[in-house]
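# Fold and contact review
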Amino acid sequence: MYLLAHLSDPHVPPLPQPGWRELASKRVLGYLSWQRRRRHIHRRDVLDRICADLAAQNPDHIAVTGDITNISLPAEFRQARRWLDGLGPPETVSLVPGNHDAYIDLSWADGWGHWAGYMQSDKDPGSKTRSSTFPFIRKRGPLALIGLSSAVATAPGLASGRLGPEQLAGLERLLADARSAGLIRVVLLHHPPLAEAASGRKGLDDRQAFAEVVARAGAELVLHGHNHRFVNLTLPGPDPSCPVPVIGVPSASALPYRDRPAAHYNLYRFYSEGGHWYLETRQRGLNEAGEIVEMPQHSPKSIILG
């Protein structure tokens, strides 16, 4: 048995106070949004309780699918690194960035470089650019965790993502190699790769190309974040009888707002029985009373992995 935890979109609070020069960009819109609304939704006490409950489940590994920051301030990346260190070391935590982590173009040293250890392939001596880091592959137990970056800086009003042909080609190679090694392939990205979950200004621009790679090479599970909602969908794989589960989770720090649920995270139990690998999903999060409990109504039954 192997237990993988999945949380997303922590938007680690509080937001550090930016300087005026740091707001001379798209950041000013995000800062105003934080002050007016988002600071009342994304709460550090909620995030800390979720993380404590997750730790009590004793997962073998934790996947974080992006939006660690809010407006990509350099101070936020340092603050997020301290939060990541509390969550676990790079050996037991894997991370892919989200669109809020690419709010504006930022140097590697000021931004993603603070998280480099959590985004490195097993044999990578230390990448220092997006193109040399993604896709990454990390082999943990029976799993091959394959991380992608859909995070790109966009114009004001947009929150879309893009993988690009080079990253997609790398993904296809890694999927094929992991299948040859007999590993369960878990793909991590921030943006949902289906229009039903997010499209238009918030969607993945090259989701069709991603779907074509999965249809050719196959995968056993795709995990994402971004829309702060429960997602349980599928993509076609090479075998029509074994579609690929696509699962998204709500924000790990949020109180309920509008039509979006309170903070949750998922647990995926992989186990072998009768010559097949099975996947069982559990969801834990805040209920209406503010208690962290199991949420069986959102959890699909055990499924056979392709």
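Presented here is an overview of the structure given in this document.

A few words on the packing of aromatic side chains. All chains considered together, the criterion is met by four aromatic pairs. Ring centres 5.0 Å apart and planes at 40 degrees place the aromatic pair F77 and W115 in the tilted group. Pair noted here: F77 is in helix 3 (residues 74–87) and W115 is in the loop between strand 3 (93–96) and helix 4 (130–133), with a separation of 38 residues, a long-range link. An identical accessibility class is assigned to F77 and W115; each is buried. Ring geometry for W112 and F134: centres 6.1 Å apart, planes at 85 degrees, overall edge-to-face.

What follows deals with a positive patch on the surface. Together, R36, R37, R201, K202 and R258 make up a positively charged patch on the protein surface. Structurally, the position occupied by R201 is in the loop between strand 6 (184–188) and helix 6 (207–217).

This paragraph deals with the nonpolar core. Counting 53 residues, the largest nonpolar core has W83, V186 and F270 as its most contacted members. Excluding residues within four positions of it along the chain, V186 makes contact with L4, L143, A144, L145, I146, L221, L223 and F270. I146, L174, A178 and V244 belong to the second largest nonpolar core, which has 25 residues in total.

Relative to the assigned elements, K26 resides in the loop between strand 1 (2–7) and helix 1 (27–41). In this structure K26 is buried but unpaired, with D67 as the nearest side chain of opposite charge at 10.0 Å. In terms of polar contacts, K26 uses its side chain to reach the side chain of T154, at 3.0 Å. For K26, the residues in contact, after removing those within four places along its chain, are Y103, I104, T154, A155, P156 and L158.

Compared with the 20 Å implied by 1.5 Å per residue over 14 residues, the 20 Å span of helix 3 between its first and last C-alpha is a close match. By the burial criterion, the buried members of helix 3 are P74, E76, F77, Q79, A80, W83, L84 and L87. The inward-facing, buried residues of helix 3 abut strand 1, helix 1, helix 2 (44–56), strand 2 (61–65) and strand 3.

Taking 1.5 Å per residue as the helical rise, helix 2 with its 13 residues ought to reach 18 Å, and the 18 Å between its terminal C-alpha atoms agrees with that figure. For helix 2, the set of buried residues is V46, L47, I50, C51, D53 and L54. One side of helix 2 carries all its buried residues, which in axial view fall inside an arc of 160 degrees. Exposed residues pointing more than 90 degrees away from the buried face of helix 2 are listed as A55 and A56. Positive backbone phi, approximately 55 degrees, marks N58, located one or two places after helix 2.

The strand order 4-5-6-7-9-8 describes an open sheet built from six strands, whose pairing is mixed. Each having just a single partner strand, strand 4 (136–140) and strand 8 (231–235) make up the two edges of the open sheet. Neighbour to neighbour, the strand axes of the sheet diverge by 20 degrees on average, direction disregarded. Running over the sheet, helix 5 (residues 165–180) touches strand 4, strand 5 (143–147) and strand 6 and is turned about 155 degrees from strand 6.

Running from N to C, helix 5 and helix 6 point in directions that differ by 20 degrees, and their axes come no closer than 10 Å. Judged by the angle between their axes, helix 5 and helix 6 are roughly parallel. Both helix 5 and helix 6 take part in a crossing whose hand is right-handed. Residues L168, L171, E172, L175 and R179 of helix 5 pack against A209, F210, V213, R216 and A217 of helix 6.

To continue, consider the environment of V244. With respect to the helices, strands and loops of the structure, V244 is situated in strand 9 (residues 244–248). A relative accessible area of 1% means that V244 is categorised as buried. In the structure, V244 is positioned 22 residues away from V222 in sequence and 7.3 Å away in space, judged by C-alpha atoms. Residues within four places of V244 in sequence aside, it is in contact with V214, A219, E220, L221, V222, L233, T234, L235 and G237.

Turning our eyes to something else, we now look at the environment of P245. By secondary structure assignment, the location of P245 is in strand 9. For the pair P245 and A155, spaced 90 residues apart in sequence, the C-alpha to C-alpha distance is 31 Å. Those residues in contact with P245, other than ones at most four positions away along the chain, are E220, L221, V222, L233, T234 and I303.

This paragraph deals with the side chain of Q120. Within the secondary structure layout, Q120 lies in the loop between strand 3 and helix 4. Relative accessible area serves as the criterion here: at 19%, Q120 is assigned to the buried category. When neighbours within four sequence positions are excluded, Q120 is seen to be in contact with G126, S127, F136 and R138.

Rules used in this analysis
Residues numbered from 1 in each chain as written. Predicted model: local features only at pLDDT ≥ 70, side-chain atom pairs only at ≥ 80, totals over all residues. Heavy atoms only, no water. Phe/Tyr/Trp six-rings, centres within 6.5 Å; stacked < 30°, edge-to-face > 60°. Helix = DSSP H or I, 4+ residues; strand = E, 2+ residues; numbered from the N terminus. Buried < 20%, exposed > 50% of the residue type's maximum accessible area, 1.4 Å probe, protein only. Patch = residues over 30% accessible without salt bridge, like charges linked within 9 Å, V, L, I, M, F, W, Y side chains within 5 Å. Areas by Shrake-Rupley, 256 points an atom, 1.4 Å probe, with all protein chains shown as cover. Salt bridge = Lys/Arg side-chain N within 4 Å of Asp/Glu carboxyl O. Lys, Arg positive; Asp, Glu negative; His and termini not counted. Charge placed at Lys NZ, Arg CZ, Asp CG, Glu CD. Core = buried A, V, L, I, M, F, W, Y, C linked by side-chain atoms within 4.5 Å. Contact = heavy atoms within 4.5 Å. Polar contact = N/O pair within 3.5 Å; in protein donor to acceptor, adjacent residues only side chain to side chain. Expected span 1.5 Å × (residues − 1). Arc of directions from axis to C-beta. Pairing = 2+ DSSP bridges. Axes fitted to C-alpha atoms, helices over the stretch in contact; angles between N-to-C directions. Parallel < 35°, antiparallel > 145°, perpendicular 65-115°, else oblique. Left-handed = near helix turned anticlockwise from the far one by under 90°.

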